[in-house]
Amino acid sequence: MRILNATGFAAALLLAGCGSSAPPPPPPPAVAPIANAVTGSVSLIEPRELSAAAKVDIKVYDVAHPEIVLAQATLPNANKLPLQFNLPIDTSKVDPKGIYVLDPMLTDGDRRFLKKLEYQVLTDKAHTAKVDVQLAPEPTPAEKLFEEYRKALAQTGNLKQISGKYSNDNFGVAWDAFVSNGKVKFVREITDSFDDNNPVRTTYKAAYKDDKPWVIVRETSPVASPRQILSTTKVGWGDDGSLVLHEKVANSQTSEVSDGDAKAMREHADDLLGVAQGHAPKINTGAQTDNKAKDKKKH
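Residues numbered from 1 in each chain as written. Predicted model: local features only at pLDDT ≥ 70, side-chain atom pairs only at ≥ 80, totals over all residues. Heavy atoms only, no water.

## Regarding helix 3 (residues 259-279)
Here is the rule we go by: Numbered from the N terminus, helices here are DSSP runs of H or I no shorter than four residues, and strands are runs of E no shorter than two. By this rule, a helix spans an expected 1.5 Å times one less than how many residues it contains. In this scheme, a residue with accessible area under 20% of its type's maximum is buried, one over 50% is exposed, and one in between is partly exposed, where area comes from a 1.4 Å probe on protein chains only. The arc in question is formed by the directions pointing from the helix axis toward the C-beta atoms.
Over its 21 residues, helix 3 extends 31 Å from the first C-alpha to the last, a length consistent with the 30 Å expected when each residue adds 1.5 Å. Along helix 3, the positions that sit buried rather than exposed are A262, M265, A269, L272, L273 and A276. Taken around the axis of helix 3, the buried residues stretch over an arc of 105°, which confines them to a single face. Exposed side of helix 3, more than 90 degrees from the buried face: K263, D271 and G278 are the residues found there.

Given below as structure tokens:
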């Protein structure tokens, strides 16, 4: 009886072991299909008025191979934001393991508006196919140039200063200049004109690069109230000599500076440079030092 019970017990254990085998693994999750279009809208982070010429250039491209563009389009009438877009995608050209981004750019004249965030689409974890894009303004070449001028102007306190003045019955002129290594880098000239019933002060602020006018700012104001700016004219040239900055603000209205006015301002800045450079202290070169030493030996 005991032998039979032991045998039955062993059989029961064998059957129990067979019944505890691991269940089959679950099937892999279904891969979401690649969208056949990327859609969405374009707007600005800070809304502003745009011209009728504003447009949006938008494309989807492969990050690893930027030359591979899956879709692109140019959208006119970008002054009416938000602007909707629909970019058809040929899914046969999409590598599921690739990384694709949406790249929008809005242009309005010299102004460009660019993305602040990276908009990944199609093959990202969410298989994004709809994107609401926000763009921010990029400084124009003129703004970049003027910002460089402002930084250079802020450094004039570290330079040697020279000054002069002259006058007659009709006007009085005072100027000062800032010199580095014997070279004039910045000149400021103030002219008070007394030949009419409303005396006007004209202030020139001229910065120089490679001994040439670089950026010039001209301001006009009443002599009696010099802080009351009547007009401000800015001109500046790039490294290639092209006129990059040409802006005038008067009576709260902004306009472009004519080529003739820009040329006249440059010629005046050249004259200022000549006067200031003539008063700049000379640099003692090594040759001059040696000559002085020889003179001392003779004596």
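## What about the side chain of D192?
Here is the rule we go by: Think of a polar contact as two N or O atoms within 3.5 Å of one another; within protein, one of them needs to be a possible hydrogen donor and the other a possible acceptor, and neighboring residues in sequence only count if both atoms come from side chains. Residue contacts follow a heavy-atom distance rule, with two residues in contact if any of their heavy atoms lie within 4.5 Å.
Note that D192 resides in strand 11 (residues 183-193). Using a relative accessible area of 12% as the deciding quantity, one classes D192 as buried. Engagement of the side chain of D192 in a polar contact is seen with the side chain of R201, the distance being 2.7 Å. Apart from residues no more than four positions distant in its own chain, D192 is found in contact with N170, F171, G172, V200, R201 and V223.

## Here's the deal with the packing of aromatic side chains
Rule in force here: Pairing of aromatic side chains here covers Phe, Tyr and the six-membered ring of Trp, requires ring centres within 6.5 Å, and sorts the geometry by plane angle: under 30 degrees stacked, over 60 edge-to-face, intermediate tilted. A ring has a charge above it when a Lys NZ or an Arg CZ is no more than 6 Å from the ring centre and no more than 35 degrees off the ring normal.
One pass over the full model with this rule turns up three aromatic pairs. When the ring of Y149 is compared with that of F186, the centres are 6.5 Å apart and the planes differ by 35°; the resulting orientation is tilted. With a gap of 37 residues between them, Y149 in helix 2 (residues 141-154) and F186 in strand 11 connect regions that are remote in the sequence. Judged on exposure class, the residue Y149 and its partner F186 are both buried. Geometrically, the ring pair formed by F178 and F186 is tilted, given 6.0 Å between the ring centres and 55° between the ring planes. As far as the burial class goes, F178 and F186 line up, both buried. A network of ring pairs unites the aromatic residues F146, Y149, F178 and F186 as a single cluster. Over the ring of Y61 we find K59, and its NZ or CZ is 5.4 Å from the ring centre. It is R266 that lies over the ring of W237; its NZ or CZ is 4.6 Å from the centre.

## A closer look at helix 2
Spanning 14 residues, helix 2 covers 20 Å between terminal C-alpha atoms, matching the ideal 20 Å at 1.5 Å per step. Among all positions of helix 2, only A142, L145, F146 and Y149 are buried. In a view along the axis of helix 2, the buried residues occupy a sector of 95°, so they form one face of it. With respect to the buried face of helix 2, the exposed residues turned more than 90 degrees away are K151 and A154. Those residues of helix 2 hidden inside the fold are in contact with strand 11, strand 12 (200-209), strand 13 (212-222), strand 14 (231-237) and strand 15 (243-250).

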